[in-house]
Structures are given as structure tokens and as C-alpha cells.
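Architecture and fold: a report
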Amino acid sequence: MDTLSYKTISANSSTVEKQWVVVDAQAAILGRLASEVAKILRGKTKPSFTPNVDCGDNVIVINADKVRLTGDKWNAKVYVRHTGYPGGQRISTPKLLKQKSSAILVEKAVRGMLPKNRLGSKLYGNLYVYEGAEHPHAAQQPKAITL
């Protein structure tokens, strides 16, 4: 009988190694950028990935104001929400959201690609989006990655 034992090692909150990474969104297509950022936040790029644990990295997205959308999505894509009151359906486009803040566009895209539960809310807290090239997280010594 073979005495080797292969056990699956599951990560938990005390064994997870979280890092800080910087992603430059300059000239990146919104959906493609968001899916890669969501993978990093979730921890799927690590060999110790565990589905029920926050094992992803903290992600800083810079230059969110230079993100791109293909085709006529600036005007044609629609974000729908409801206030909860009768007749309270509100519609906005990426063009209108960009006028308020470009960071909202990236945050909405990434949030939609995360799990819709408590873990997803916790993972979303590890995302930091900035419109310009500057960010206040230099003390964390983030590692720049290209997507």
C-alpha cells in the first residue's frame, strides 16, 4: 500500500498572503479590464485559491478616466436602477456616469463580476479606483502589473 497522502490544502484568513497591486487602465477596454481585476480580487490567479475565503489581492486601478468602450456603448449601454417608489426607474449611460466620476464606471463593471453575497461585498472593499495617475497607497509598496 502506498503511504503517500495527497490532501487538498484550503486557505483560511490566517494563512492567506495578500499583496497590493497597481493596474493602469490607460487605453484599456472596460469589460476586459474589469474581468481581469475581478480575477485578481477573487484570488483566482493564486495556486492557493479557496472559493469561500477572501484570498485575493488588494487592487489599485489608476487612470480610470482613460478607459475605453467599444462601438457606441458610451450612449447605447444603459444602467437601470429603481428607487423603490412607483415610477422610480432611473436610467443612466456610461457618458453620464463619466461626467460624475470615471471611477464609478470601473467600480460598477468590477462589482458586477464579483459574487453576489457577503464575500463579494468584502472583496469589493479591496478595490481602490482613482481617475488620475496618482494614488495615496505608496506606503503599501504596490506591485505594478500589466494586463
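Anyway, here's the lowdown on the structure attached to this text. Quick caveat, the model's predicted, so the values are computed rather than measured.

1. Looking at the pattern of salt bridges
Counted by the stated rule, this structure contains three salt bridges. Of the charged contacts, one joins D54 and K18 as a salt bridge, the two residues approaching to 3.0 Å between their closest N and O atoms. Placement of D54 in the loop between α1 (30–42) and β2 (58–62) and of K18 in the segment before β1 (20–24) is noted, with a sequence separation of 36 residues between them. Classification of D54 by relative accessible area gives buried; the value is 13%. Of the charged contacts in the structure, one is a salt bridge between E36 and K39, with a shortest N-O distance of 3.3 Å. With E36 and K39 both in helix α1 and three residues apart, the pair spans about one turn of that helix. Residue classification places E36 among the partly exposed residues on the basis of a relative accessible area of 29%.

2. Regarding the pairing of β2
When you tally the buried positions in β2, you get five out of five residues, the bulk of the element. The alternating pattern of β2 places N58, I60 and I62 and V59 and V61 on opposite faces, both of which are buried. Here β1 runs beside β2; their pairing, made up of five bridges, is parallel. If you follow V21 over to β2, its bridge partner there is V59. Handedness of the crossover is the feature at issue here: the chain leaves β1, passes through α1, returns alongside β2, and the resulting connection is right-handed. Sheet topology places β2 next to strand β5 (residues 127–129); three bridges connect them, and they run parallel. Within β5, the position partnered with I60 by the bridge is Y128.

3. Regarding a positive patch on the surface
Judged by side-chain charge, R81, R90, K100 and K108 come together as a positively charged surface patch. Tracing the chain through its elements places R90 in strand β4 (residues 89–92).

What counts and what doesn't
Residues numbered from 1 in each chain as written. Predicted model: local features only at pLDDT ≥ 70, side-chain atom pairs only at ≥ 80, totals over all residues. Heavy atoms only, no water. Salt bridge = Lys/Arg side-chain N within 4 Å of Asp/Glu carboxyl O. Helix = DSSP H or I, 4+ residues; strand = E, 2+ residues; numbered from the N terminus. Buried < 20%, exposed > 50% of the residue type's maximum accessible area, 1.4 Å probe, protein only. Pairing = 2+ DSSP bridges. Right-handed = clockwise from strand over helix to strand, strands pointing away. Patch = residues over 30% accessible without salt bridge, like charges linked within 9 Å, V, L, I, M, F, W, Y side chains within 5 Å. Areas by Shrake-Rupley, 256 points an atom, 1.4 Å probe, with all protein chains shown as cover. Lys, Arg positive; Asp, Glu negative; His and termini not counted. Charge placed at Lys NZ, Arg CZ, Asp CG, Glu CD.

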